[in-house]
Amino acid sequence: MIILIGSNKGGTGKTTTAVNLASYFGSKLDVLLCDSDNQQSLVQWNALREEGSLKPFDFVCLYGEIASDLIKYSEKYDLIIVDVAGRNSKEFLSVLSICDIFISPVQCTQLDLNTLLHLNEQIEVFKGYNEKLIDRAYILHNRATTNIFIQNTERKNIEEFIDELPNLKLLKTSISERKIFKDCISEGKGIFDYSEDEKPAKALAEYQSLINELTEEELSNEIA
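Residues numbered from 1 in each chain as written. Predicted model: local features only at pLDDT ≥ 70, side-chain atom pairs only at ≥ 80, totals over all residues. Heavy atoms only, no water.

A.B. asks: Describe unusual backbone geometry, listing the residues and the values that go with them.
C.D. replies: The phi dihedral of glutamine 40 is positive, around 55°, even though this residue is not glycine. Mapped onto the elements, glutamine 40 comes out in the loop between β2 (31-36) and α2 (41-51). Residue class for glutamine 40 comes out partly exposed when judged on its relative accessible area of 31%. (Helix = DSSP H or I, 4+ residues; strand = E, 2+ residues; numbered from the N terminus. Buried < 20%, exposed > 50% of the residue type's maximum accessible area, 1.4 Å probe, protein only.)

A.B. asks: Can you break down the nonpolar core residue by residue, with the values?
C.D. replies: Residues Leu21, Ile81, Ile103 and Ile191 are the most contacted members of the largest nonpolar core, which totals 35 residues. Within the second largest apolar cluster, 32 residues are counted, among which are Cys34, Phe92, Ile162 and Leu168. (Core = buried A, V, L, I, M, F, W, Y, C linked by side-chain atoms within 4.5 Å.)

A.B. asks: Describe the environment of alanine 67, naming the residues involved and giving the relevant values.
C.D. replies: By the secondary structure assignment, alanine 67 is in helix α3 (residues 67-73). Look at alanine 67 and you get buried, because its relative accessible area is 13%. Spatially, the C-alpha atoms of alanine 67 and cysteine 99 are 8.6 Å apart, while their sequence positions differ by 32 residues.

A.B. asks: Lay out the environment of leucine 70 in plain terms, naming residues and giving numbers.
C.D. replies: Relative to the helices and strands, leucine 70 is located in helix α3. Here leucine 70 falls in the buried class, since its relative accessible area comes to 0%. When residues no more than four places from it in sequence are discounted, the contact partners of leucine 70 are Ile2, Cys34, Leu62, Ile80, Val82, Val95 and Ile98. (Contact = heavy atoms within 4.5 Å.)

A.B. asks: Tell me about the pattern of salt bridges, and please be specific about residues and values.
C.D. replies: Taken as a whole and assessed by the stated rule, the structure comprises 8 salt bridges. Between lysine 9 and aspartate 112 there is a salt bridge, with the nearest N and O atoms lying 3.1 Å from each other. Taken as a pair, lysine 9 in the loop between β1 (2-7) and α1 (14-25) and aspartate 112 in helix α5 (residues 110-126) lie far apart in primary sequence, 103 residues in all. A relative accessible area of 23% places lysine 9 in the partly exposed class. (Salt bridge = Lys/Arg side-chain N within 4 Å of Asp/Glu carboxyl O.)

A.B. asks: An account of the environment of serine 41 is requested, with residue identities and associated values reported.
C.D. replies: Its place among the elements puts serine 41 in helix α2. The residues touching serine 41, leaving out its near neighbours within four places in the chain, are Thr15 and Asp35.

Next comes the structure, spelled out in structure tokens:
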């Protein structure tokens with residue numbers, strides 16, 4: 001199983017999404033992390049993990065046409081999580097052709113949403129190479145507001161925009177903008193790694209909701 005976390009825009013929370021998915025699945029599956037962004041944020045996070053008390057993940061950095069390498073690694077690992085740069089990179093396009101799940105985190109800003117117009121066209125093309133993108137090209141509403149007065153309006157805006165893009169499926173879960181997610185990156189942790197007395201209840205509930213969506217029904221036999 002290969003999960004691609006990608007976007008045509010930076011700053012949407014791709015690496016944060018990758019590390020928190022890894023934090024959950026790492027205790028259940030044999031996971032490989034792949035950093036294909038030359039900023040190497042995922043590399044740095046895994047190094048911090050190794051410096052601390054947590055076991056680091058198996059790790060690889062791959063660049064260029066990386067699809068064939070990932071297919072080989074998938075024979076050894078249950079799950080590969082790939083973090084690519086926030087642009088229309090060669091790595092991004094290469095993994096789109098073979099991934100089992102594609103997740104694109106976006107904020108509800110006009111600049112972020114506008115990038116989905118091109119992404120929708122890309123998925124239309126890549127469905128011809130990768131049939132799993134027909135129903136597994138997901139948009140994750142990320143860094144959502146915690147302001148109770150505008151939460152519903154923000155969510156409605158992103159739902160209405162993506163409803164016009166037939167090749168993209170908006171996940172029901174929203175992940176809020178929370179300090180704990182920044183702390184995760186600086187501490188080499190995911191939210192599922194915190195001890196019982198430190199566990200961030202609201203952040204955990206959001207990511208557990210996301211996990212439940214990804215592992216329900218047709219995916220349950222593959223990554224549950």
